Amino acid sequence: MPTGRGWPSSNAEQRRFFQSLPESAKLQLTLAVFCTFCVIGVMNDVWAVTTMRPMKLMVVITVGSGLMSAIALQSLMRDRRWTFVAAAFPLLFFLAARMFGETVGPVPPTLAAIKQRLFIDGMTCLTTTVAGYALFIGFITRAGRQQLRLRTEVELAGAIHDALVPAIGARLGHFDVHGRAQPSSEVGGDLFDAFASGDATIACIADVSGHGVHAGTLMAMVRSAVRTRLRGPAPLPEVLRDLNLLLLELEQRERFVTLALLRFDGEGVEVANAGHPPILRLRTGAARCETFESTAPPAGVTADPRFDSQRVTAGRGDLFVLYSDGISEVSDRTGREFGVAGIERIVVANAARSLAEIHDAVLSAARAHGPQTDDQTLLLVRRVT
């Protein structure tokens, strides 16, 4: 579904990371940077110790070095207004240095005076370094605990996702079913389901917008709602309308769901597709797949969608292929997508093989075509009797 992991990879993500920190953590990090960069001012005084600059100038250079770095950090953590402050500060720093910039004069400083100044510089350097180190360790420990807590929550959500969307390889009534979901992150937004309900066999696949914990949470809700409604005799358009109302009640318009539904019964197959990639059907001995395109928008997009369904036949040996766009939209280095044609080619070439072998062949071909960037889900249903 068009929408990482690790350290922020862009300036916007970096700023979001800093903004997610509590104010106390921001202050702790700022003080750590201030103390660390104060050393630059101290070392500047050491390099010029023979000129014996006034103590006021040493203080200005030391504090100014720390402040300049702290202000630069604030421009990263907050907003661009701090960038202008950081840009203007060197000018103020220069003026202050000029104000206190008189040396002791033409008389060289005594050895005792130099030793005293070096002692002061050394103690200042030691104090600021130790303080900066302690503050950094405190910040890292605090951030590490927060990341560990978040990681634990994500792992729990991933375990719940795996429990809700387990791999399927089973015989349901007259049909063999095989499916598996491979999320692109710890928690996926794809779901598929297949189960028997009375004399009917139900198969469905859905793709929730986005990735991560939010998508996984919505996926769990959608799965529960759809499975409950599909166990009854309600027509598929009615199931889609009910799900659409449920999503609209969340009042999160950026959250929507594409679905492809199949209900196999004694009269054939009822097919519905709401915003999902085309369903494929390969008849026994055929060289091409038939496609059932989407006839409605995704659920959760509009308040008055027109959902519908159609009835088709399902002969012995017919194979139905449901998949997410994480497979069809895989791109190679030139930007060429694997596409529906790529899935069809592999399915036709392996039609005589078992569903597990067809499943592996499709996913292997997609991954050979290009890297996975989205959740990849494939569900195969074949009539065997």
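A quick note: this is a predicted structure, and the numbers were derived from the prediction, not measured.

**Notes on the packing of helix α9 (residues 339–349) against helix α10 (residues 355–369)**
Interhelical geometry of α9 versus α10 gives an angle of 145 degrees and a closest axis separation of 9 Å. You can see that α9 and α10 cross each other, and the crossing is right-handed. Two secondary-structure elements touch here, α9 through Ile-343, Ile-346 and Val-347 and α10 through Ile-358, Ala-361, Val-362 and Ala-365. In terms of residue class, the contact of α9 with α10 is built from seven nonpolar, no polar and no charged.

**Quick notes on a nonpolar patch on the surface**
Residues Met-55, Val-59, Val-63 and Leu-67 make up a contiguous nonpolar surface patch of roughly 280 Å² in combined accessible area. Along the chain, Met-55 turns up in helix α3 (residues 55–77).

**Thoughts on the sheet that holds strand β9 (residues 310–312)**
In space, the five strands of this open sheet follow the order β3-β4-β5-β6-β9, with antiparallel pairing throughout. Both outer strands of the open sheet, β3 (190–197) and β9, are each paired with one neighbouring strand and no more. Across the sheet, the mean angle from the axis of one strand to that of its neighbour is 15 degrees, orientation sign disregarded.

**Observations concerning the pattern of salt bridges**
Under the defined criterion, the tally for this structure stands at 16 salt bridges. Linking Arg-281 and Glu-290 is a salt bridge whose minimum nitrogen-to-oxygen distance equals 2.8 Å. By relative accessible area, which is 31% here, Glu-290 ends up partly exposed. Across the pair Arg-288 and Glu-344 runs a salt bridge whose closest N-O atoms are separated by 2.8 Å. Taken together, the residues Arg-288 in the loop between β7 (279–282) and β8 (290–292) and Glu-344 in helix α9 connect sequence positions 56 residues apart. According to the relative accessible area criterion, Glu-344 is buried, its value standing at 11%.

**Observations concerning the nonpolar core**
By size, the foremost hydrophobic cluster in this structure holds 50 residues, and its most contacted members are Leu-230, Leu-259, Leu-262 and Phe-264. Here this core gets seven residues from one element, more than from any other, and that element is strand β4 (residues 200–208). One finds Ile-346, Val-347, Leu-363 and Leu-380 within the second-largest nonpolar core, a separate group that totals 21 residues.

**Structural notes on the UniProt feature "transmembrane region" (unreviewed entry) in the protein**
In the numbering used here, UniProt assigns the "transmembrane region" (unreviewed entry) feature to residues 25–43, 82–100 and 120–141. As annotated, residues 25–43 comprises 100% helix and 0% strand, and the C-alpha atoms at either end are separated by 28 Å. With 100% helix and 0% strand, residues 120–141 has end C-alpha atoms that lie 32 Å from one another.

**Focus on the sheet that holds strand β10 (residues 319–323)**
Reading across the sheet, the six strands line up as β1-β2-β11-β10-β7-β8 and stay open at both edges, with antiparallel pairing between neighbours. At either end of the open sheet lies a strand with only one pairing partner, and these are β1 (168–172) and β8. Strand-to-strand twist in this sheet, taken as the mean axis angle between neighbours without regard to direction, amounts to 15 degrees. With three bridges connecting them, β7 and β8 associate as antiparallel partners. Residue pairing across strands places Arg-281 opposite Glu-290, the latter belonging to β8.

**Quick look at the packing of aromatic side chains**
Under the defined criterion, the tally for this structure stands at two aromatic pairs. Their ring planes at 40 degrees and their centres at 4.3 Å tell us that Phe-175 and Phe-264 sit as a pair that is tilted. Taken together, the residues span a long stretch of sequence, with Phe-175 in strand β2 (residues 175–182) and Phe-264 in strand β5 (residues 257–265) at a distance of 89 residues. Given the relative accessible area of 6%, Phe-175 is considered buried.

**Observations regarding the pairing of β1**
Note that β1 and β2 share five bridges and pair antiparallel. Along β2, the bridge assignment pairs Leu-172 with Phe-175. The antiparallel pairing of β1 with β2 creates a hairpin that spans two residues between the two strands, and Gly-173 there sits at a positive phi of about 60 degrees.

**Side note on the packing of helix α2 (residues 23–47) against α3**
The N-to-C vectors of α2 and α3 enclose an angle of 145 degrees; their axes lie 7 Å apart at closest approach. For the crossing formed where α2 meets α3, the hand is right-handed. Where α2 abuts α3, its residues Lys-26, Leu-29, Thr-30, Val-33, Phe-34, Phe-37, Cys-38, Ile-40, Gly-41, Val-42, Asn-44 and Asp-45 lie against Met-58, Ile-61, Thr-62, Val-63, Ser-65, Gly-66, Leu-67, Ser-69, Ala-70, Leu-73, Gln-74 and Met-77. Looking at the contact of α2 with α3 residue by residue, the class counts come to 14 nonpolar, eight polar and two charged.

**What to know about α9**
Restricting attention to buried positions, one finds in α9 the residues Gly-339, Gly-342, Ile-343, Glu-344, Ile-346 and Val-347. Looking at the buried side of α9, the elements it contacts are β7, β10, α8 (325–328) and α10.

**Points about the pairing of β3**
Within a regular strand, side chains alternate between the sheet's two faces. Counting buried positions along β3 yields seven of eight residues, so the element is predominantly enclosed. Strand direction decides the pairing type here: β3 and β4, joined by eight bridges, are antiparallel. Within the sheet, the bridge partner assigned to Ala-194 lies in β4 and is Ala-203. Turn length for the β3-β4 hairpin, with the two strands adjacent in sequence and antiparallel, is two residues, and the turn residue Gly-198 shows positive phi of about 65 degrees.

Quick notes on the rules
- Residues numbered from 1 in each chain as written.
- Predicted model: local features only at pLDDT ≥ 70, side-chain atom pairs only at ≥ 80, totals over all residues.
- Heavy atoms only, no water.
- Axes fitted to C-alpha atoms, helices over the stretch in contact; angles between N-to-C directions.
- Helix = DSSP H or I, 4+ residues; strand = E, 2+ residues; numbered from the N terminus.
- Left-handed = near helix turned anticlockwise from the far one by under 90°.
- Contact = heavy atoms within 4.5 Å.
- Nonpolar A, V, L, I, M, F, W, Y, C, P; charged D, E, K, R; others polar.
- Patch = residues over 30% accessible without salt bridge, like charges linked within 9 Å, V, L, I, M, F, W, Y side chains within 5 Å.
- Areas by Shrake-Rupley, 256 points an atom, 1.4 Å probe, with all protein chains shown as cover.
- Salt bridge = Lys/Arg side-chain N within 4 Å of Asp/Glu carboxyl O.
- Pairing = 2+ DSSP bridges.
- Buried < 20%, exposed > 50% of the residue type's maximum accessible area, 1.4 Å probe, protein only.
- Core = buried A, V, L, I, M, F, W, Y, C linked by side-chain atoms within 4.5 Å.
- UniProt positions renumbered as here; feature names shortened; annotations may be inferred.
- Phe/Tyr/Trp six-rings, centres within 6.5 Å; stacked < 30°, edge-to-face > 60°.

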